[in-house]
Every structure is written in C-alpha cells, then in structure tokens.
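For reference, the chains in residue letters:
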Amino acid sequence: MQNIKEKLISTKLKSNGFFVIKNFIKKTDLDNNFLNYLKKKEKFVDGVIHGIDNKFYNKINNKIGRLASNLTSKSLQISNQKFCYFSIKIKKSNNKIPKLIKPFNVNKDPKVLPGGILNWHIDHYTYYFHKDHKNYLICYLPILKPNKNYSNVALIPYNILKKKDVKTYNRIKYRGAVRFRKVEKDTKPWFDLRFKKNTKIGNWYALDDYLDDVNGWKLNLDLEKNKIVPKLGLYDLLIMRADVIHKTNDAITDRIAIRCDILPYKAKHEQSFVGFLNICFKYYFETTKAKYNLKRYIKNYINKFFRYE
C-alpha cells in the first residue's frame, strides 16, 4: 500500500511525467572506487556508459527496488527486480558553439553539441528493445556535480505539452525514438532534405526515428521557452516517465550521474546475453529506421564481447 509520499510521486508522474526526490542516497551508499571506475569507462554512441559492474550499486539497487515496489499500480506495471544501470558523463565545456556535420545525413543530427550534451529527445534504444514506454521509468542520480544550478536535465512536463501542443502530446504518448530540433540558418538544408519540402527558420520539428512512413511533424511550441529544469544536488533522484521530452541543459560543470531504468514488468533484461539474443532475433522484424540504429548497438556489443575474451 502506498504511503503519502509515494502517492504524491505517483500523482506527479501521471500529471507532469517527473518527480524529484531529495537526498535519495547517502555518500556511504557508494563504493569509494566508483567514480574513478566510471571516469575510465568509454561512452557508447548514445552518450551512455554501459556495462557497469553490479558490485558498485548494490545499496542503490535496494533503494530503487523498494521505490519501484511502492510505485507499481494498475496503470504502471513496472518490475521491482529488473533494472538496467548506466552512467551519463558530461564534460565541462566553455564552448557553446555546436559543430556542424557535413555532408548531411538525414538519419543523423546535423549538429553535435560540445561536452557530451544530449539534445532534445525521447529515448531510442529503450523503445527499440521493449516497445513499452508506458510502463518504463528512468532515474537520474548525480554522484559528481559541483553545483546544483548547472549540468541538469531539462524537460517538457506533460501538463505544459498538453496545453501548448496537444497534437504532439498525443503522438508521443508511450512512444520513444523521437528527436526534437529547431530549424536554423545553417541546418535548414538538412531539414529540407529530411522533410522533402521548404522548411522555415525558427520552427521546431519532431523527428520520428521509428516509423518508416513518418519523417516527423512541426511542433506548435518552442521547447527552450517552455522547459523546466529541476535543480539536482548530489544524491538527489530525478524520476521520470520514459516518454517525457528531455535533454542535457548545459555543460557548464562536469557531471557524472548514475542512470537506473526500471523496466516493464514483462520485459526481458536486455543487458543479459539472452536479452541480447532476443534483440538480434527481433532485429529482422524491425523498421528500417530501427535497424539503422540497432546495427550500432549489436556491433558494439559483439566488439566488447571479443575484447573481453
């Protein structure tokens, strides 16, 4: 049975899509070598560090398990045992100018942001793996963060999106594999190529990276003008639904955060070998866009396996 705090979290997850729990863990919950371990690990193409040794998060895992058990409901069928742990590393950068990538490729972003910043999106691989962002929660937990005002996660709450752009709200509900970008002077040719029409500088577009018959659609709101940026201190937990639009807000300071995904109750754990084989099998029945991205994941997994051997 949920207590008052967990009822509040459930209510906010349903209405806004996110909630912040202050001081979710203590410093003593972390292994002394965890930070050095993460600093040496390399990132995957999605900016995430995979394959974290589970010995580093046993105490955190217990707390996440209790939280998941208390949040499970008829409308949120999540597991209290199936979790995927990653790490997201942001490197301090004084350079605020994105790098333009040419020649343009309609399947890749036309710009790369400095410092490891991830631009506006709802997650790709989690959706390709499970097709269930209804029963999927993402938890961010900073363990290196010198200032609570910087290097946070920006997001678009459900209530704001529903009020300003109900069409987009309905299209991305329970979805994943979507990016959101603004047309700029130097990227306009990329947008014209992607949408096969003359786009307008200043407009925002959703870019669908799953459905083959949908390139995307124009948004009716400016994400930067409508974003919410929760100020996370060390060991605070940001918990959010997987279909919430979000991004890295800035790279003014270094940041290392643990990310724990609470999987759907019926999900197969993709980080296991059996889970990987399941992904390989489903690959042949995927959309062209999903295959384009999954190839990189499968290739990276195999390369790491043989390096380990």
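In short, a report on the structure. Small disclaimer: the values here were computed from a predicted structure and weren't measured. (Residues numbered from 1 in each chain as written. Predicted model: local features only at pLDDT ≥ 70, side-chain atom pairs only at ≥ 80, totals over all residues. Heavy atoms only, no water.)

## Structural notes on unusual backbone geometry
Our working rule: Per the convention used, a helix needs a DSSP run of H or I reaching at least four residues, while a strand needs a run of E reaching at least two, with both numbered from the N terminus. The classification of residues rests on relative accessible area computed with a 1.4 Å probe and restricted to protein chains. Under 20% of the type maximum is buried, over 50% is exposed, and intermediate values are partly exposed.
Omega for the peptide link from Lys 102 to Pro 103 comes to 0°, which places this bond in the cis form. Structurally, Pro 103 is set in the loop between strand S4 (99–100) and strand S5 (111–112). Despite not being glycine, Tyr 235 shows a phi value in the positive range, around 75°. In this fold, Tyr 235 is placed in the loop between helix H8 (223–226) and strand S12 (237–241). Given a relative accessible area of 14%, Tyr 235 falls into the buried group.

## Let's talk about the sheet that holds strand S1 (residues 18–21)
Note the cut-off: Strand pairing is defined by DSSP finding a minimum of two bridges between the two strands. Any pair of residues with heavy atoms lying within 4.5 Å of one another is described as a contacting pair. Axes here refer to lines fitted to C-alpha atoms; in helices the fit is confined to the stretch in contact. Angles between the N-to-C directions go from 0 to 180 degrees.
Spatial strand order, S1-S12-S7-S14-S3-S2: six strands in an open sheet with antiparallel pairing. The open sheet has two free edges, formed respectively by S1 and strand S2 (48–49), since each of these has just one partner strand. Two strands pair when backbone bridges link them, and S2 and strand S3 (residues 78–90) are joined in this way by two bridges, in the antiparallel orientation. Across the sheet, residue Ile 49 finds its bridge partner in S3, namely Ser 87. Packing of helix H3 (residues 58–71) onto the sheet brings it into contact with S1, S3, strand S7 (137–144), S12 and strand S14 (255–264), and relative to S3 it is tilted by some 130°.

## Quick look at the side chain of Arg 255
Quick reminder of the rule: The positive count covers Lys and Arg only, the negative count covers Asp and Glu only, and His and the chain ends enter neither. Whenever Lys or Arg places a side-chain nitrogen within 4 Å of a carboxyl oxygen from Asp or Glu, that contact is recorded as a salt bridge. N or O atoms within 3.5 Å of each other form a polar contact, as long as, within protein, one can give a hydrogen and the other can take it, and as long as residues adjacent in sequence are counted only when both atoms are side-chain atoms.
Checked against the element boundaries, Arg 255 lands in strand S14. It turns out Arg 255 is buried and unbridged, and the closest side chain with the opposite charge, Asp 250, is 7.9 Å from it. One polar contact links the side chain of Arg 255 to the main-chain carbonyl oxygen of Ser 151, over a distance of 2.9 Å. Excluding its chain neighbours within four sequence positions, the residues that come into contact with Arg 255 are Ile 88, Lys 89, Ile 90, Leu 144, Lys 145, Ser 151, Asn 152, Val 153 and Thr 248.

## Concerning the pattern of salt bridges
This model, assessed by the stated rule, comprises 15 salt bridges. Note that Arg 194 and Asp 209 form a salt bridge whose closest N and O atoms lie 3.5 Å from each other. With Arg 194 in helix H7 (residues 188–195) and Asp 209 in the loop between strand S10 (204–208) and strand S11 (216–218), this pair connects stretches of sequence that are 15 residues apart. Assessed through its relative accessible area of 4%, Arg 194 is described here as buried. Looking at Asp 209, the relative accessible area reads 6%, which means it is buried. A single salt-bridge network, built from bridges that share partners, covers Asp 109, Arg 179, Arg 181, Arg 194 and Asp 209.

## Thoughts on the packing of aromatic side chains
Ring pairs (aromatic) are described by centroid distance and by the angle formed between their planes. Just so we agree on the cut-off: Two rings belonging to Phe, Tyr or Trp (six-membered ring only in the last case) form a pair when the distance between their centres is within 6.5 Å. Interplanar angles under 30 degrees mark stacking, angles over 60 mark edge-to-face geometry, and anything in between is tilted.
Applying the stated rule across the entire model yields 16 aromatic pairs. Judged by centre distance (4.4 Å) and plane angle (35°), the rings of Tyr 37 and Phe 56 are tilted. Here Tyr 37 is found in helix H2 (residues 34–40), whereas its partner Phe 56 is found in the loop between S2 and H3, with 19 residues between them in sequence. Judged by its relative accessible area of 6%, Phe 56 falls in the buried class. Ring geometry for Tyr 128 against Tyr 210: centres 6.3 Å apart, planes inclined by 35°, an arrangement best described as tilted.

## Details of the side chain of Asp 132
Inspection of the secondary structure puts Asp 132 in the loop between helix H4 (125–130) and S7. At a separation of 3.1 Å, a polar atom in the side chain of Asp 132 contacts the main-chain amide nitrogen of Lys 134. One polar contact links the side chain of Asp 132 to the main-chain amide nitrogen of Asn 135, over a distance of 3.1 Å. Those residues in contact with Asp 132 that sit more than four places away from it in its chain are Tyr 127 and Pro 264.

## Regarding a nonpolar patch on the surface
Let me state the cut-off plainly: Residues form patches when they are more than 30% accessible in relative terms and have no salt bridge. Like charges link within 9 Å. Nonpolar side chains (Val, Leu, Ile, Met, Phe, Trp, Tyr) link within 5 Å. Note on areas: these come from Shrake-Rupley sampling with a 1.4 Å probe, and a residue is covered only by the protein chains present in the view.
Taken together, the side chains of Phe 281, Tyr 284 and Phe 285 present a nonpolar region at the surface, about 450 Å² in accessible area. Turning to its location among the elements, Tyr 284 is positioned in the loop between helix H9 (273–283) and helix H10 (288–308).

## Digging into the environment of Asp 261
Secondary-structure assignment places Asp 261 in strand S14. Take Asp 261: its relative accessible area is 0%, and that puts it in the buried class. Along the chain, Asp 261 and Tyr 85 lie 176 residues apart, while their C-alpha atoms are 6.5 Å from each other. For Asp 261, the contacting residues outside a window of four places in its chain are Lys 82, Phe 83, Cys 84, Phe 86, Thr 126, Tyr 136, Leu 137 and Ile 138. Within the structure, the side chain of Asp 261 is placed 2.8 Å from the side chain of Tyr 136, a separation counted as a polar contact.

## Looking at H3
Spelled out, the test is: How far a helix is expected to stretch is found by multiplying one less than its residue total by 1.5 Å.
In this model H3 runs 20 Å from its N-terminal to its C-terminal C-alpha over 14 residues, within 8% of the 20 Å that 1.5 Å per residue would give. By the burial criterion, the buried members of H3 are Ile 60, Ile 64, Gly 65, Leu 67, Ala 68 and Leu 71.

## Details of the pairing of strand S8 (residues 153–156)
Note on strand geometry: in a regular strand, side chains alternate between the two faces of the sheet. The alternating pattern of S8 places Val 153 and Leu 155 on one face and Ala 154 and Ile 156 on the opposite face, and all of these are buried. Summarising the sheet, S8 and strand S13 (residues 245–248) pair through four bridges and their orientation is antiparallel. Bridging across to S13, Leu 155 finds its partner in His 246.

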